[in-house]
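Now for the letters of each chain:
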Amino acid sequence: TLSKGEQQKVLLARAFLQEPEILLLDEPANGLDLQTEQYMKRVITQIAYDSASTMVYVSHHPYEFGDIFEHCLMLEAGKIKACGYTAEIL
């Protein structure tokens with residue numbers, strides 16, 4: 001009975017509460033309305049800065065993560081297109 005945005009929030013909270021060494025976020029903003037996407041981005045940013053966990057964020061949309069993560073790996077057709085500091089790559 002939860003909306004897509006509520007489901008994403010619950011999944012993120014559930015994953016983070018386990019205090020993982022690596023947190024894999026696969027398209028966490030997919031299907032969210034703009035307001036919920038912005039909320040999730042704020043939460044993910046806070047987690048990225050406050051947590052000792054390594055976070056892997058998978059997305060087809062670089063604008064989603066450009067100001068959150070220091071390093072970026074871009075793939076094209078299964079091959080590395082760019083790797084390094086996000087600010088330099090984007």
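Here goes a summary of the coordinates provided. A quick note: this is a predicted structure, and the numbers were derived from the prediction, not measured. Along each chain, numbering runs from 1 in the same order as the chain's sequence is written. Only residues with pLDDT of at least 70 get local features here, since the model is predicted, and only at 80 or more are side-chain atom pairs given and counted; chain-wide, interface and lining totals rely on the full set of residues. Side-chain numbers here rest on the full set of heavy atoms in the structure, without hydrogens or water.

Quick notes on the packing of aromatic side chains
- The rule is short: rings of Phe, Tyr and Trp, with Trp giving its six-membered ring, pair when the centres are within 6.5 Å, and they are stacked under 30 degrees, edge-to-face over 60, tilted in between. One pass over the full model with this rule turns up 1 aromatic pair.
- Look at tyrosine 57 and phenylalanine 69: their rings are 5.6 Å apart centre to centre, the planes differ by 45°, and that puts the pair in the tilted class. In this pair, tyrosine 57 is assigned in strand β2 (residues 54-58) and phenylalanine 69 in the loop between β2 and β3 (71-76), connecting sequence segments 12 residues apart.
- Summary of the burial criterion: residues with accessible area below 20% of their type's maximum are buried, those above 50% are exposed, and those between are partly exposed, where the area comes from a 1.4 Å probe applied to protein chains only. Classification of phenylalanine 69 by relative accessible area gives buried; the value is 14%.
- We count a charge as sitting over a ring when the NZ of a lysine or the CZ of an arginine lies within 6 Å of the ring centre and within 35 degrees of the ring normal. One Lys or Arg, lysine 9, reaches over the ring of tyrosine 39 and ends 4.5 Å from the middle of that ring. The way it works is that DSSP assigns letters per residue, a run of H or I at least four long becomes a helix, a run of E at least two long becomes a strand, and they are numbered from the N terminus.

Considerations on the pattern of salt bridges
- The rule for a salt bridge is simple: a side-chain nitrogen of Lys or Arg has to be within 4 Å of a carboxyl oxygen of Asp or Glu. In the structure shown here, the tally under the stated rule is 1 salt bridge.
- Across the pair lysine 81 and glutamate 76 runs a salt bridge whose closest N-O atoms are separated by 3.0 Å.
- The class of lysine 81 is exposed, set by a relative accessible area of 56%.
- Owing to a relative accessible area of 46%, glutamate 76 belongs among the partly exposed residues under this scheme.

Digging into the pairing of strand β4 (residues 79-85)
- Two strands pair under a simple rule: DSSP has to find at least two bridges between them. Across 6 bridges, β3 lies against β4 in antiparallel orientation. The residue bridging methionine 74 from the neighbouring strand is alanine 82, located in β4.
- Here β3 hands over to β4 after 2 residues, with alanine 77 in that stretch at a positive phi of 55°.

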